[in-house]
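# Fold and geometry: a report
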Amino acid sequence: MLNILLLTDKKAGHETTSKGFLEILQKHYILDINTIAVKLTLSPLRPFLKYIINNFPNMPHWLIESFLQIFYKIKVDQLLRPDMVVSAGGNTSFANALLAKYFNCENIYISSLRGLNPNNFTLIYSIVDNNISNEIVLETAPASIDIKQEAIQNLKLKYGINESLNVWSLLIGGDSNEYKYTLKEYKNLVESVIVLAKKHGVKLLITTSRRTPKDIEIEIQKLLKDERIVLKSVLYNQKPEKLMGFFISSSSIVFCTEDSSSMITEVVQSCKPLYTLYPKKKVYNEKYDAFINNMLNLQYIHSIPISGISKISTKEHFKTFNNSTEFRILESIIPVIETIKMEKQ
């Protein structure tokens, strides 16, 4: 049995990634997973913490304990020694590195480094090649589909979804560093997908996300009020319902705003045709653009401006996800786990 310490910042996209990673491992190993929520405090002092971690690899235990208590409110003496620390998301990275130093154990990090030395981690998984020796570059990040097949079938019965009914999903995110949506674009997004669905005689499942502003959800609610074409809608910040896995599974085609790599990844790994929809205002970001371009080159997605939704034919060509992510993860992690097992004997 492997003892795993999973750190979570409680952000849905990061949790999906780290849980997806562990689900791949659970197909081959028995894991005892201890999950703790971490929140980085004193953000203005982040550069100081980064400097300490990068430049003092052999810190005494009492100092590591102090940093974890001050910056994360983590009481190390209450934790069992893990064989491996796992986390995703920048705010977990410092805790990940410190805990691995404290327990002298392996650690896995799935995200961008934010200035930390890669030597602070056993393996780093990324969807962008940063030319780092211990980095494993993946086609897509691992993703956990957080809903069971039995639950999906029950929900299909509840909403009258069967093989004869064609259903699409619309997944709505919100502003990010790279994408900025106007109220007009949100309305155009919803209205245009509804018009396209009516044109093709299909039903819709629509959900917003944690990132969607509440005032935008109110406007979306108004648009959906009398729409019989919508089988189910979730306004996540009004009443959070985790039905995205069900929506994706039930759909022949998925539409998703382009701001969320986690939503994109989940759809792609579900082997569904995906149209990613972007606003007029896009800010160039090297790593995120590389992610989108990679998805385009692999023909897993079609990237469409919101203003161009009406021009979608739904006959565009897509390739099916080949699951190389799981192979790459296992290929790289098995030697690490075998080393852990030998040391425990």
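Heads up: these notes are all about the structure in this document. (Residues numbered from 1 in each chain as written. Predicted model: local features only at pLDDT ≥ 70, side-chain atom pairs only at ≥ 80, totals over all residues. Heavy atoms only, no water.)

## Quick look at the packing of aromatic side chains
- If you walk through the whole model with that rule in mind, you get 15 aromatic pairs.
- Taking the centre distance of 5.0 Å and the plane angle of 85 degrees together, the rings of Tyr 102 and Phe 103 count as edge-to-face. One exposure class covers both Tyr 102 and Phe 103, and it is buried.
- Each residue in the set Trp 168, Phe 255, Tyr 275 and Phe 318 is aromatic and connected to the rest through ring pairs, giving one cluster. (Phe/Tyr/Trp six-rings, centres within 6.5 Å; stacked < 30°, edge-to-face > 60°. Buried < 20%, exposed > 50% of the residue type's maximum accessible area, 1.4 Å probe, protein only.)

## Here's the deal with the pairing of strand β3 (residues 84–88)
- Burial of β3 is extensive: five of the five residues sit out of reach of the surface.
- Side-chain alternation along β3 places Met 84, Val 86 and Ala 88 on one buried face and Val 85 and Ser 87 on a second face that is also buried.
- As paired elements, strand β1 (residues 2–8) and β3 share four bridges and run parallel to each other. Pairing of Leu 7 across the sheet is with Ser 87, part of β3.
- Looking at chain direction, β3 and strand β4 (residues 106–110) are connected through five bridges and run parallel. Bridge assignment links Met 84 to a residue of β4, and that residue is Glu 106.
- Since β3 and β4 lie parallel, the crossover through helix α4 (residues 93–103) that links them has a hand, and here it is right-handed. (Helix = DSSP H or I, 4+ residues; strand = E, 2+ residues; numbered from the N terminus. Pairing = 2+ DSSP bridges. Right-handed = clockwise from strand over helix to strand, strands pointing away.)

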